[in-house]
Amino acid sequence: MGYFDVPDIQYPRYTNRQLAAVPLGLLAVALLVLSGSFLLTGAPVPLGMDFTGGAELTIQTTSSEAQIQTAFSVEPDSIQRIQAPGVDNQYTVQFAGIEDDEAIQTLSEQAAAELEQDGNAEIVQQESTASASFAAQTQQTALLGIAVAFVGMSALTFLLFRTFVPSIAIVLSAFSDLVIPLAFMSIAGISLSLGTVAALLMLIGYSVDSDILLNNHVLRRSGDFYESTSRAMTTGVTMTVTSMAAMLVMGIVASLFGIELLASIGTILFVGLAADLMNTYLLNLSLLRWYKFEGVRS
Amino acid sequence: MSTNPIAFVKEYWRVILLVAFLAFALVALFIPGGIMADDSLADNLGDNETAANQSGDEGFTNLEYGIGLDGGTRVSAPATGMTVDELDIDDNEQRDIESTLYTELDIERSDATVRYHENDDRYTAEVFTENVTAAEFASALQSAGLDVTEDDVENGVTQETRDEMINTIELRVNEAGLSGGNVYQEATVDGGYYIVTEVPGMSPEELRGLLSDRGDVQIVAYHPDGNGNQTNDTVLNDDDFSDISPPAFDEQEGTHYVPVTVDNTEGSDGNSAASEFQSAMNEYGFTSEGIGQCSVHDRDAGEFNFDQDQQQWCMLTVVDDEIIDAHSMGSGLGGDMESGTWANDPGFRMIVPTQQDAQYLSVNLQSGALTAPLDFSQEQTYSTEPALADQFKTFSLLIGVLSVITVSGVVFLRYRDPRVAAPMIVTALSEVVILLGFAALIRMPIDLSHVAGFIAVVGTGVDDLIIIADEVMSDGDVSSHRVFESRFSKAFWVIGAAAATTVIALSPLAVLSLGDLRGFAIITILGVLIGVLITRPAYGGILERLLTDK
């Protein structure tokens, strides 16, 4: 083939238990991380301003980061310098979890009053605020969205394959595809924003593609199990790796440029697709092999 | 290759369809607006310090950009208020119940209304203030003789109220001289509604100012009550005016004013707003002893002092319970009113201290009062400066291009056969072009979330093309049309299934109101549909032509 070859895993050498142990172990660790974080902080992942209320400002100023840190009546949660070609003195400042609506609205005025202007440019270049009650509403909506998407995807999977084990294998690995990036966010301190919710939903759609491909090759085609698997893998891994590459580039470039929405979509999809590679070809495959060789007979 | 045109179309319909859609998209993207040089891009990359130039909509495409890519502000907030639905009342009770609400709850006339809904023949009562609790509202209705409990009181206002608010806000945005504004409502999960106002080229402070004014204009007569004291009587409300002219300036007097005309169409009792105003002025003495007798307003200091020794006859201009201006009756206007001829041509000038006051007053009079105030304790704001928006435009283009290059790189590395890889990239890109054309056609404003959607579309698109390519090329060469067709349809099952899951996963986002994300979901879903129906079959056609021996 080419420079980029899909590795051949010697599946016959491993038992189903061995294959499934890795992804299930990781899933358990991820769930442990999320519940630990839930017990410690009250939320499985850090929630951004979209879900807790607060503000995000993009400011252009010649003041130093230390000055920005102290310029506001509420201390910012994060200050990020934007590193894009031709852009200087731009920062993204985030405030999450502010209950007081009045305080949220005065943040941009404080920035304009306390910071040094950079030439003629306006100090507050971008302002995004959400009051606590609006954010609570958003949180509810987002949870509902994810739940509906997941249930819908599961129902469709069962409809497509009409057999229990292969369908539940897809649903289980899709679940793990969601949980692992969430745990990653919790550890890496990436807060949940509208962008990451979009990424998680996209992941539900994206990640089952390779599972459907695998199941289709194994169940709906004639031929040897391992041959079908290897063919599905060649296609599926190419697919996933292509998407991962695109998402990695988007994630890195967008976070340098300070475009938060694209950055979080890119990062989360990259992590989720990596998890999907493992879940599809270890977890889904082991369940499928069990079904094909042992489950069907009983 | 056949020379018969019908056979040609039959064989290449997939590719022909793609070309047709592409051509259509390109026309929608470029033609109607003409092709203009886009220098905003070069400006931004070259010199960012002076990037404050607002490029507006003048790109070389017909695409429209949203707040995030064009600059502007969006404010979402619900209406303040409570509603009791399906009141059991008769036609003639409507006004009585309204007055009971005003007195029982001790609120302004504008803060309560009883509506009749013609469509489904029902009555609703609404209160538009935070100062009344549900229990108080219910007990006020009980004292009006209605069987209403606290549980019947719902949060939120009726659709009619929201429609009126949206109309008023639209008028205000247009009055402020800004085009491209957009006002709409968005439903939330728990059945509430947000009113969303988007205005390009306005700062959050300006837009909040525009939205937070209730805009309830009244003319109040401040006059002696005959017992040695002064009293207030509201003589004109903002629905008494029939015509409002733009604000003007009187060079001679040095005053800013809004020329208005009072409605003189006669009601069923033979009186009009103008004639009632005229007779009130005569009755209170404004047109006789009161002419020129108003000294409460110190115009130089901009202050009002109602503690005066002499009797006062003042016309107060009151907006949202705040006195904007106080002035006396002029002799000319007073004379016309006294003789009763004024009502035939009922115009006068509303004088205000500053030009800005005149502007606000004119906007408020034109648009009428906001039926219910917006609840800013539940608001969400998003705003971008035009300079940063331009920067985002350039960057998102750059990110898009980089993602496409990355995808192309991986695909070339994997297949190393340009016959397979090149059409793959071209097909995936044409999907984006068709989508952009569609966006330009329906004038969908492109925002950052849409850009994410475009990139996702390239991603899923290429994924599916990989499935087609691998399937078609499996087991050696494709020797005949039949072999190709059978392999292609096998691949298509997987693609269809994958597309269906993506559409299902993203459809909640397309329906729910999650701010920015709707655009992302809509573009991705559309992209998947265009992909499955048009571009992916076409790729199959191209691949067949390239791989089969003809």
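All figures in this text were calculated on a predicted structure; none of them were measured in a lab. (Residues numbered from 1 in each chain as written. Chains lettered and ligands numbered in written order. Predicted model: local features only at pLDDT ≥ 70, side-chain atom pairs only at ≥ 80, totals over all residues. Heavy atoms only, no water.)

A. Spatial organisation of the overall build of chain A. Tallying secondary structure elements over chain A gives nine helices and four strands in all. Ordered by position from N to C terminus, the α and β elements of chain A give α-α-β-α-β-β-α-β-α-α-α-α-α. Taken along its principal axes, the extent of the C-alpha atoms in chain A is 75 × 40 × 30 Å. For chain A, with 298 residues in total, the buried portion stands at 59%. The long-range fraction of contacts in chain A, counting pairs at least 24 apart against all pairs at least 6 apart in sequence, stands at 76%. (Helix = DSSP H or I, 4+ residues; strand = E, 2+ residues; numbered from the N terminus. Buried < 20%, exposed > 50% of the residue type's maximum accessible area, 1.4 Å probe, protein only. Contact = heavy atoms within 4.5 Å.)

B. Summary view of the overall build of chain B. The helix and strand inventory of chain B stands at 15 helices and 20 strands. Its C-alpha atoms give chain B a radius of gyration of 33 Å, clearly above 24 Å, the size a compact globule of 550 residues would have. Counting only contacts in chain B whose residues sit at least 6 apart along the sequence, the fraction spanning at least 24 positions is 69%. Looking at chain B as shown, the accessible area adds up to about 24500 Å², and 49% of this sits on carbon and sulfur atoms. In chain B, which carries 25 positive and 90 negative side-chain charges, the distance between the mean positions of the two groups comes to 24 Å. (Rg over C-alpha atoms; globule rule 2.2 N^0.38 Å. Areas by Shrake-Rupley, 256 points an atom, 1.4 Å probe, with all protein chains shown as cover. Lys, Arg positive; Asp, Glu negative; His and termini not counted. Charge placed at Lys NZ, Arg CZ, Asp CG, Glu CD.)

C. Region of the structure containing the interface of chain B and chain A. Each partner contributes residues to the interface: chain B has 70 residues there, and chain A has 76 residues. Summed over both partners, the interface of chain B with chain A buries about 6700 Å², with 67% contributed by carbon and sulfur atoms. Put simply, chain B and chain A have one salt bridge between them. At the junction of chain B and chain A, the tally comes to 15 residue pairs in polar contact (both at pLDDT 80 or more). Listed by contribution, the elements that provide at least two residues to the side of chain B that touches chain A are α7 (204-212), β19 (380-384), α11 (386-415), α13 (448-473), α14 (481-511) and α15 (517-547) of chain B. (Buried area = accessible area lost by both parts, 1.4 Å probe. Salt bridge = Lys/Arg side-chain N within 4 Å of Asp/Glu carboxyl O. Polar contact = N/O pair within 3.5 Å; in protein donor to acceptor, adjacent residues only side chain to side chain.)

D. A look at the UniProt feature "transmembrane region" (unreviewed entry) in chain A. Taken from the UniProt record, the annotation "transmembrane region" (unreviewed entry) applies to residues 20-40, 142-161, 235-259 and 265-288 of chain A. In residues 20-40 of chain A, the share of helix is 100% and the share of strand is 0%. The end C-alpha atoms are 30 Å apart. (UniProt positions renumbered as here; feature names shortened; annotations may be inferred.)

E. Main features of the packing of α11 of chain B against helix α12 (residues 418-441) of chain B. Residues and elements named next belong to chain B. The geometry of α11 relative to α12 is characterised by a closest axis approach of 9 Å and an angle of 155 degrees between their N-to-C directions. Regarding the angle of α11 to α12, the classification is roughly antiparallel. Of the two elements, α11 crosses α12, and the hand of that crossing is right-handed. For the pair formed by α11 and α12, the contact residues are Val404, Val407, Ser408, Val411, Phe412 and Tyr415 on the first element and Pro418, Val420, Ala421, Ala422, Met424, Ile425 and Leu429 on the second. Class assignment for the residues of the contact of α11 with α12 results in 12 nonpolar, one polar and no charged. (Axes fitted to C-alpha atoms, helices over the stretch in contact; angles between N-to-C directions. Parallel < 35°, antiparallel > 145°, perpendicular 65-115°, else oblique. Left-handed = near helix turned anticlockwise from the far one by under 90°. Nonpolar A, V, L, I, M, F, W, Y, C, P; charged D, E, K, R; others polar.)

F. Seen up close, the domain arrangement of chain B. All names here are of chain B. What the domain assignment reports for chain B is domain 1 (10-31 + 385-547), domain 2 (72-212 + 373-384) and domain 3 (217-368). Distance between the C-alpha centres of domain 2 and domain 3: 29 Å. In this complex, domain 2 contributes five residues to the contact, which on the side of domain 3 involves eight residues. Surface buried jointly by domain 2 and domain 3 totals about 640 Å² across both partners, of which 49% is contributed by carbon and sulfur atoms. Our enumeration of links across domain 2 and domain 3 arrives at zero salt bridges. Here domain 2 is connected to domain 3 by zero residue pairs in polar contact (both at pLDDT 80 or more). (Domains from an automatic or database assignment.)

G. Spatial organisation of the pattern of salt bridges. Considering all chains together, one arrives at 17 salt bridges over all chains under this definition. Here Asp85 of chain B ties to Arg122 of chain B by a salt bridge, and the two come within 2.5 Å at their closest N and O atoms. Of this pair, Asp85 of chain B sits in strand β3 (residues 82-87) while Arg122 of chain B sits in strand β5 (residues 122-127), and the two are 37 residues apart along the sequence. Residue Asp390 of chain B is joined to Lys393 of chain B by a salt bridge in which the shortest nitrogen-to-oxygen separation is 3.7 Å. Of the two residues, Asp390 of chain B and Lys393 of chain B both sit in helix α11, three residues apart, roughly one turn of that helix. On the basis of relative accessibility, which here comes to 4%, the residue Asp390 of chain B falls in the buried class. Assessed through its relative accessible area of 18%, Lys393 of chain B is described here as buried. Residues joined by salt bridges that share partners form a network here, namely Glu127 of chain A together with Arg208 and Glu379 of chain B.

H. Geometry of the side chain of Ser37 of chain A. Structurally, Ser37 of chain A is set in helix α1 (residues 16-41). If near-sequence neighbours (up to four positions away) are discounted, Ser37 of chain A is found in contact with Gly42, Ala43, Pro44, Val45 and Ser186 of chain A.

I. Layout of the packing of aromatic side chains. Following the criterion strictly, the structure yields 15 aromatic pairs over all chains and no others. Ring geometry for Phe161 of chain A against Trp493 of chain B: centres 5.8 Å apart, planes inclined by 75 degrees, an arrangement best described as edge-to-face. With one member in each of two chains, Phe161 of chain A in helix α5 (residues 132-161) and Trp493 of chain B in helix α14 form a pair that bridges those chains. Where Phe225 of chain A meets Tyr226 of chain A, the ring centres are 5.2 Å apart and the plane angle is 85 degrees; that geometry is what we call edge-to-face. With a relative accessible area of 26%, Tyr226 of chain A lands in the partly exposed category. (Phe/Tyr/Trp six-rings, centres within 6.5 Å; stacked < 30°, edge-to-face > 60°.)

J. Representation of helix α8 (residues 273-284) of chain B. All names here are of chain B. Taking 1.5 Å as the rise per residue, α8 with 12 residues should run 16 Å; its terminal C-alpha atoms sit 16 Å apart, in good agreement. For α8, the set of buried residues is Ala273, Ala274, Phe277, Gln278, Ala280, Met281 and Tyr284. Angularly, the buried residues of α8 cover 165 degrees about the axis, an arc narrow enough to put them on a single face. For α8, the elements touching its buried residues are β9 (217-224), β10 (230-237), β13 (255-262), β16 (314-319), α9 (331-339) and β18 (347-352). (Expected span 1.5 Å × (residues − 1). Arc of directions from axis to C-beta.)

K. Quick look at the state of the cysteines. All names here are of chain B. On inspection of all chains with the given rule, the structure shows one disulfide over all chains. Here Cys294 engages in a disulfide with Cys314; their sulfurs sit 2.0 Å apart. Across the disulfide from Cys294 to Cys314, rotation about the S-S bond amounts to roughly 100 degrees, and the bridge is consequently right-handed. In this pair, Cys294 sits in the loop between α8 and β14 (297-298) while Cys314 sits in strand β16, placing the two residues 20 residues apart along the sequence. Given the relative accessible area of 0%, Cys314 is considered buried. (Disulfide = S-S within 2.5 Å.)

L. Expanded view of the domain arrangement of chain A. All names here are of chain A. Each assigned domain of chain A is listed here: domain 1 (11-47 + 134-295) and domain 2 (54-130). Summarising the inter-unit geometry, the C-alpha centres of domain 1 and domain 2 are found 36 Å apart. Every contact between the two is made by seven residues of domain 1 and, on the other side, nine residues of domain 2. Counting the surface domain 1 buries against domain 2, the share from its top three residues, Leu256, Phe257 and Glu260, is 58%. Applying the counting rule to domain 1 against domain 2 returns zero salt bridges. Inspection of the region where domain 1 meets domain 2 yields zero residue pairs in polar contact (both at pLDDT 80 or more). Here the side of domain 1 that touches domain 2 gets three residues from one element, more than from any other, and that element is helix α8 (residues 225-257).

M. Spotlight on the sheet that holds strand β4 (residues 112-117) of chain B. Residues and elements named next belong to chain B. The strand order β4-β5-β3-β6 describes an open sheet built from four strands, whose pairing is antiparallel. Each edge of the sheet is formed by a strand with only one pairing partner; in this case those strands are β4 and β6 (153-155). Sheet twist, expressed as the mean angle between neighbouring strand axes with direction ignored, is 25 degrees. Relative to β5, β3 runs antiparallel, the two sharing four bridges. Residue pairing in the sheet places Met82 in a bridge with Val127 of β5. Set on the sheet, helix α5 (residues 134-143) makes contact with β3, β5 and β6; between it and β3 the angle comes to about 35 degrees. (Pairing = 2+ DSSP bridges.)

N. Structural detail: the sheet that holds strand β1 (residues 54-60) of chain A. With antiparallel pairing, eight strands are arranged side by side in an open sheet as β2(A)-β3(A)-β1(A)-β4(A)-β19(B)-β2(B)-β8(B)-β7(B). Edge positions in the open sheet fall to β2 (78-81) of chain A together with β7 (182-187) of chain B, since each of these has one partner strand only. Pairs of neighbouring strands in the sheet enclose a mean axial angle of 15 degrees, with direction left out of account. As paired elements, β7 of chain B and strand β8 (residues 193-199) of chain B share six bridges and run antiparallel to each other. In the sheet register, Gln185 of chain B faces β8 of chain B, and the bridge partner there is Ile195 of chain B. Against the sheet, helix α6 (residues 159-175) of chain B engages β7 and β8 of chain B, with an angle of about 10 degrees to β8 of chain B.

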